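So you can see what is in the structure, the chains are spelled out below.
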Amino acid sequence: IERMAHMKITEMLVSNKTVRPYRALKETRGLVVHYVGCSCRSARQLRNALQNSAREASYQYCIDYDTGEIIRCLPENEEAWHVGASEVLYTAQKREICGSENPNGYLVGIECCVPSIEDCEPSAVQRKAMAEFCADFLSRHSMSTDKLYLHHDIVEKNCHKWFVEHPDDWGTVDGDFLEVEGA
């Protein structure tokens, strides 16, 4: 996978079979931005918790709140369990992406670490790293920003809480992606 020259991703793949299905994505159709939903500023801490988790939930990447470090937890071409739900909770947008199939087979997920559930606005360094990562992802997959989703876009869930509650700020972030893409 080619990357923007200045962007570094630390690979720390988990081997826990409870969180890693070891199944290839059917096709990559977009990127979903999440927030952790608990107090965890550190991407390394979040990755280590994933390695030891008994919950069937996972993501391909996580991004540190304080440093912007991005950690790959699962290979990008492998399925992660980050947007599954009861059929009644899925949105119309999810159905456009993959019909009646599970969206985990089509979407890559990145978790944003946050100081707390209520204090979840991305830090400046996290926002910059997220913009670079998303621009790189979209470029590598020849996708436009309409393939960049919040968890909320796929499942009726308040995630990424900050951007769901501040939708104008999500538009600003989207502009950052376009700016980085053009750089």
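The structure this text deals with has already been given above.
Anyway, here's the lowdown on the structure attached to this text. (Residues numbered from 1 in each chain as written. Predicted model: local features only at pLDDT ≥ 70, side-chain atom pairs only at ≥ 80, totals over all residues. Heavy atoms only, no water.)

### Notes on the side chain of Asp 169
Relative to the elements of secondary structure, Asp 169 occurs in helix H6 (residues 167-182). For Asp 169, a relative accessible area of 17% translates into the label buried. Setting aside its immediate chain neighbours within four residues, Asp 169 contacts Arg 127, Trp 162 and Phe 163. (Helix = DSSP H or I, 4+ residues; strand = E, 2+ residues; numbered from the N terminus. Buried < 20%, exposed > 50% of the residue type's maximum accessible area, 1.4 Å probe, protein only. Contact = heavy atoms within 4.5 Å.)

### Quick look at unusual backbone geometry
Omega for the peptide link from Cys 159 to His 160 comes to -15°, which places this bond in the cis form. Structurally, the position occupied by His 160 is in the loop between helix H4 (151-154) and helix H5 (161-165). Look at Tyr 22: it is not a glycine, yet its phi comes out positive at around 55°. Secondary-structure assignment places Tyr 22 in the loop between strand E1 (9-11) and strand E2 (30-35).

### Side note on the sheet that holds strand E4 (residues 70-72)
In spatial order, the strands read E1-E4-E3-E5-E2-E6; together these 6 strands make up an open sheet with mixed pairing. The open sheet terminates on both sides in strands that have one partner only, identified here as E1 and strand E6 (148-150). With direction set aside, neighbouring strand axes in the sheet form an average angle of 25°. Pairing of E1 with E4 involves 3 bridges; the strand directions are parallel. Residue pairing for E4: Glu 11 is matched across the bridge by Arg 72. Taken strand by strand, helix H1 (residues 43-51) contacts E1, strand E3 (61-63), E4 and strand E5 (107-112), and its axis lies near 145° from that of E3. The strands that helix H3 (residues 124-140) touches are E1, E2, E3, E4, E5 and E6; relative to E2, the one it contacts most, it runs at about 160°. (Pairing = 2+ DSSP bridges. Axes fitted to C-alpha atoms, helices over the stretch in contact; angles between N-to-C directions.)

### Some remarks on the packing of aromatic side chains
Tallied over the entire structure, the rule returns 3 aromatic pairs. An aromatic cluster is present here, built from Tyr 61, Phe 133 and Phe 137 joined pairwise through their rings. Above the plane of the ring of Tyr 90 lies Lys 94, whose end atom (NZ or CZ) is 4.5 Å from the centre. (Phe/Tyr/Trp six-rings, centres within 6.5 Å; stacked < 30°, edge-to-face > 60°. Lys NZ or Arg CZ within 6 Å of the ring centre and 35° of its normal.)

### Side note on the pairing of E2
Within E2, 6 of the 6 residues are buried, which leaves the element mostly enclosed by the surrounding structure. Note: E2 against E5, 6 bridges, orientation parallel. Bridge pairing in E5 places Val 33 opposite Ile 110. Pairing geometry for E2 and E6, over 3 bridges, is parallel. Counted as the bridge partner of Leu 31 is Leu 148 from E6.

### Side note on the pattern of salt bridges
Overall, the coordinates contain 14 salt bridges when judged by the stated rule. Of the charged contacts in the structure, one is a salt bridge between Glu 11 and Arg 72, with a shortest N-O distance of 2.9 Å. Placement of Glu 11 in strand E1 and of Arg 72 in strand E4 is noted, with a sequence separation of 61 residues between them. The exposure class of Glu 11 is partly exposed, given its relative accessible area of 47%. The exposure class assigned to Arg 72 is buried, which follows from its relative accessible area of 13%. (Salt bridge = Lys/Arg side-chain N within 4 Å of Asp/Glu carboxyl O.)

### With respect to H3
With 17 residues, H3 ought to run about 24 Å at 1.5 Å a step, and its terminal C-alpha atoms sit 24 Å apart, in line with that. A large share of H3 lies buried, amounting to 12 of its 17 residues. Along H3, the residues classified as buried are Gln 126, Arg 127, Ala 129, Met 130, Ala 131, Glu 132, Phe 133, Cys 134, Ala 135, Asp 136, Phe 137 and Leu 138. Ser 142 lies just past H3 and shows a positive phi near 50°. (Expected span 1.5 Å × (residues − 1).)

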